[in-house]
Amino acid sequence: MQNNNYLFPGVAAIFLAMLVPLYWFRMATSVTDSDILWQDMMSLGLSDIVFAAIPLLTSYVYLKLKTILNERWNVSQIDLLIFIMVAINILWVSTLLLDVTSALSSESTLAQNRETFLSIGTSVSVGGLFLFGVVDLLIGIFLLANATELPSLLKAFAVLSIIQGVLGITVILAALLIFIFPVTLIILALLFLRKPESIEIV
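Residues numbered from 1 in each chain as written. Predicted model: local features only at pLDDT ≥ 70, side-chain atom pairs only at ≥ 80, totals over all residues. Heavy atoms only, no water.

**With respect to the overall build of the protein**
As a reminder, the rule being used: Helix and strand assignments come from DSSP, with helices taken as H or I runs of at least 4 residues and strands as E runs of at least 2, each series counted from the N terminus. All radius of gyration figures rest on C-alpha atoms, and the globule criterion is 2.2 Å times the number of residues raised to 0.38. Only protein chains enter the accessibility calculation, which uses a 1.4 Å probe; a residue is then buried when its area is under 20% of its type maximum, exposed when over 50%, and partly exposed in between.
Looking only at helices and strands, the protein has 9 helices and 0 strands in total. Reading the helices (α) and strands (β) of the protein from amino to carboxyl end gives α-α-α-α-α-α-α-α-α. The globule rule puts the C-alpha radius of gyration for 202 residues at 17 Å, and the 18 Å found for the protein is close to it. Along the first, second and third principal axes, the C-alpha atoms of the protein reach 60 × 30 × 25 Å. By residue count, 44% of the 202 residues in the protein fall in the buried class.

**Observations regarding the nonpolar core**
For clarity, the cut-off: To form a nonpolar core, buried Ala, Val, Leu, Ile, Met, Phe, Trp, Tyr and Cys residues must be joined to one another through side-chain atoms within 4.5 Å.
One finds Leu-65, Ile-139, Leu-143 and Phe-157 to be the most contacted residues of the largest nonpolar core, which totals 45 residues. Where this core is concerned, the elements lending two or more residues are helix 1 (7–26), helix 4 (46–73), helix 5 (79–94), helix 7 (107–145), helix 8 (152–170) and helix 9 (177–193). The element best represented in this core is helix 4, accounting for 10 residues.

**Here we look at the pattern of salt bridges**
Here is the rule: Any Lys or Arg side-chain nitrogen located within 4 Å of an Asp or Glu carboxyl oxygen qualifies as a salt bridge.
Under the definition given, this model contains 1 salt bridge. For the salt bridge of Glu-115 with Arg-114, the shortest nitrogen-to-oxygen distance reads 2.9 Å. On the basis of relative accessible area, Glu-115 is assigned to the exposed category, the value being 54%.

**What about the environment of Ile-172?**
The topology assignment puts Ile-172 in the loop between helix 8 and helix 9. With a relative accessible area of 74%, Ile-172 lands in the exposed category. Measuring from C-alpha to C-alpha, the distance between Ile-172 and Val-20 comes to 18 Å, with 152 residues separating the pair along the chain.

**Some words on the packing of helix 4 against helix 8**
To keep it simple, the criterion reads: In this analysis an axis means a line fitted to C-alpha atoms, helices contributing only their contacting stretch, and an angle means the value between N-to-C directions, from 0 to 180 degrees. Note that the term roughly parallel is reserved for angles under 35 degrees, roughly antiparallel for angles over 145, roughly perpendicular for angles of 65 to 115, and oblique for everything else. Each helix crossing is assigned a hand: it is left-handed if the near helix lies turned anticlockwise from the far helix by less than a right angle, otherwise right-handed if that turn is clockwise. Contacts are assigned to residue pairs that have any heavy atoms within 4.5 Å of one another.
Two elements in contact, helix 4 and helix 8, have axes whose closest approach is 14 Å; the angle formed by their N-to-C orientations is 140 degrees. Here helix 4 lies oblique to helix 8, going by the angle between them. Remark: the crossing between helix 4 and helix 8 carries left-handed chirality. Contact residues: helix 4 offers Tyr-62, Leu-65, Leu-69 and Trp-73, while helix 8 offers Leu-154, Phe-157 and Gln-164.

**Re helix 7**
Cut-off, in case you're wondering: In this analysis, the expected span of each helix is defined as 1.5 Å times one less than the number of residues it contains. Bend angle per residue: angle between axes fitted to the 7 residues ending at that residue and the 7 residues starting there.
The end-to-end C-alpha distance of helix 7 is 55 Å, a good match for the 57 Å that 39 residues give at a rise of 1.5 Å each. At Asn-113, helix 7 shows its maximal bend, which comes to roughly 60 degrees.

**Observations regarding the side chain of Thr-184**
Tracing the backbone shows Thr-184 in helix 9. Discounting residues that sit within four places of it in the chain, Thr-184 has contacts with Tyr-62, Phe-157, Leu-160 and Gln-164.

**Digging into helix 1**
With 20 residues, helix 1 extends 29 Å from end C-alpha to end C-alpha; this agrees with the ideal 28 Å at 1.5 Å per step. Restricting attention to buried positions, one finds in helix 1 the residues Pro-9, Gly-10, Ala-12, Ala-13, Leu-16, Ala-17, Leu-19, Val-20, Pro-21 and Tyr-23. Elements in contact with the buried residues of helix 1: helix 4 and helix 9.

See the structure below:
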């Protein structure tokens, strides 16, 4: 297996590691202010494209993680968890339908449905964070169960997944993922871009 087969997921992981904090730092005020969140929901723009790109690229990176685990270390215990993660990401992206509906609706319709739209968006976001937390936690646990057969990079990824899981499940502490997730992505990028023979098992 040539290592350049994983060039694109490696580059995608690095790109995500930069994009995630930039996006969420910019959106920090809208998360805590319903009026700003509503203004963002009523329009379509570059931020919506970035919002969609993050979960879609994350799904791509994690699906490639599944592939590399299967090919190089014969690890398939987390396959289902990764598929669940992809499904949650798709659900997250689907909240853009609220933006599209808001952008196309009349002012009277928007006024009548404001709280409903905000409630749906918030519920999906909070529920998604919790589910991501559960999946991350289980991914980390299953990988550490095979720790003796895995390289140090994957062990580090497993530990960070557990930390991400705990933060995600609490929801309140999920804001710290802005700092943790990029580190996880850089570790995945190193895993993808290094030659197989240079990845040590310790």
